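Take a look at the letters that make up each chain.
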Amino acid sequence: MNMEGALREQMVQLSKSLFDRGFSVGSAGNISAAVEDGLLITPTNSCLGFLDPARITKLDGNGNHVSGDKPSKEIFLHRAFYETRPQTGAVVHLHSTFATALSCLSDTDADDFIPPLTPYVVMRVGPVKLVPYVRPGDERAGDLIRELEGRYAAVLLANHGPVVTGRDLASAVYAAEELEETAKLLVLLRNSPKRMLTAENVDELRAVFGAY
Ligand code: 13P
């Protein structure tokens, strides 16, 4: 199997894994991954639990449809990350419950939305920005991501859900899972005084494990 074929299979497997464990329900969520000559992205209205590798959408480097079904309506969002963060190999958008719950809160810090509660959210996700609401599929979502100029590997779309990137598909999926689990901890601890990692703790993690 060639590299693109293997990536299609991996996209099916990881998407099913997310679906089977409730990180995605119904036809919510979409996933893309960079290939040498363009982009693979899940088709619009597809269920992450039941993807067909042959029907995954392929776009060329200019965003033109090459093969497969009609692309996810969030293609603008995905392309904006590849454009502004050249290290991006994959993008995962979910409506996972706890991250989405946090995205609906009004009393939060939009610039540092997920505080450094545990080491892995620092190592795998990094700072998370809250992006203002636009309707699903609105092209302006791409503009909002481009305005960040590549500073964030992960964002939360207000009242909608997380978008998480990685160097490759597995890293992006693992980071999306990490973000969701951290969001769950933050909801569980919402009314308790919390001990966050210190700036020194965060610097040490970045020095030892690198920042994406
Ligand atoms: P698509 O089915 O077009 O990928 O959209 C699903 C979604 O999650 C919208 O935000």
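Refer to the structure presented above.
Residues numbered from 1 in each chain as written. Predicted model: local features only at pLDDT ≥ 70, side-chain atom pairs only at ≥ 80, totals over all residues. Heavy atoms only, no water.

A. Seen up close, the nonpolar core. Counting residues in each nonpolar core, the largest one holds 42 residues, and the members touching the most others are V92, I114, V128 and L169. Take this core: its biggest share by element is nine residues, from helix α6 (residues 169-188). Counting 19 residues, the second-largest nonpolar core is a separate cluster that includes L39, F81, Y82 and V134. (Core = buried A, V, L, I, M, F, W, Y, C linked by side-chain atoms within 4.5 Å. Buried < 20%, exposed > 50% of the residue type's maximum accessible area, 1.4 Å probe, protein only. Helix = DSSP H or I, 4+ residues; strand = E, 2+ residues; numbered from the N terminus.)

B. Representation of the sheet that holds strand β1 (residues 30-35) in the model. Spatial strand order, β4-β3-β2-β1-β5-β8-β7-β6: eight strands in an open sheet with mixed pairing. On the outer flanks of this sheet lie β4 (65-67) and β6 (128-131), each paired with one strand and no other. On average, each strand axis in the sheet is inclined to that of its neighbour by 20°, with strand direction left out of account. Relative to β4, strand β3 (residues 57-59) runs antiparallel, the two being bridged by two bridges. Its bridge partner being in β4, K58 is matched across the sheet by S67. Strand contacts of helix α2 (residues 75-84): β1, β2 (38-41), β3, β5 (90-93), β7 (154-157) and β8 (161-166), with the helix running at about 40° to β1, the strand carrying the most contacts. Packed onto the sheet, α6 meets β1, β5, β6 and β8 and runs at close to 145° relative to β8. (Pairing = 2+ DSSP bridges. Axes fitted to C-alpha atoms, helices over the stretch in contact; angles between N-to-C directions. Contact = heavy atoms within 4.5 Å.)

C. Main features of a nonpolar patch on the surface. Where nonpolar side chains cluster on the molecular surface, the patch consists of L185, L188 and L189 and spans about 250 Å² of accessible area. Positionally, L189 belongs in the loop between α6 and α7 (199-209). Note on L189: relative accessible area 32%, which makes it partly exposed. (Patch = residues over 30% accessible without salt bridge, like charges linked within 9 Å, V, L, I, M, F, W, Y side chains within 5 Å. Areas by Shrake-Rupley, 256 points an atom, 1.4 Å probe, with all protein chains shown as cover. Salt bridge = Lys/Arg side-chain N within 4 Å of Asp/Glu carboxyl O.)

D. Region of the structure containing the pairing of β2. Sheet topology places β1 next to β2; four bridges connect them, and they run antiparallel. For V35, the partnering residue across the bridge sits in β2 and is G38.

E. Layout of the site of the ligand. Contacts to the ligand come from 13 residues, most closely from T44, N45, S72, E74 and H160. S72 is positioned with one of its side-chain polar atoms (N or O) 2.7 Å from an oxygen atom of the ligand. Between E74 and the ligand, the recorded distance is 2.7 Å, taken from a side-chain N or O atom to an oxygen atom. Here the shell around the ligand is built from residues that sort into two nonpolar, nine polar and two charged. (Near = heavy atom within 4 Å. Polar contact = N/O pair within 3.5 Å; in protein donor to acceptor, adjacent residues only side chain to side chain. Nonpolar A, V, L, I, M, F, W, Y, C, P; charged D, E, K, R; others polar.)

F. Spotlight on unusual backbone geometry. Unusually for a residue other than glycine, N45 sits at a positive phi of about 65°. Position of N45 relative to the elements: it lies in the loop between β2 and β3. On the basis of relative accessible area, N45 is assigned to the exposed category, the value being 60%.

G. Seen up close, the packing of helix α1 (residues 3-20) against α6. Relative to each other, α1 and α6 sit at 10°, their axes nearing to 10 Å. Comparing their axes, α6 and α1 come out roughly parallel. Within the contact between the two elements, α1 uses L7, Q10, M11, L14 and L18 and α6 uses L169, A170, V173 and E177. Along the lines of polarity and charge, the residues of the contact of α1 with α6 split into seven nonpolar, one polar and one charged. (Parallel < 35°, antiparallel > 145°, perpendicular 65-115°, else oblique.)

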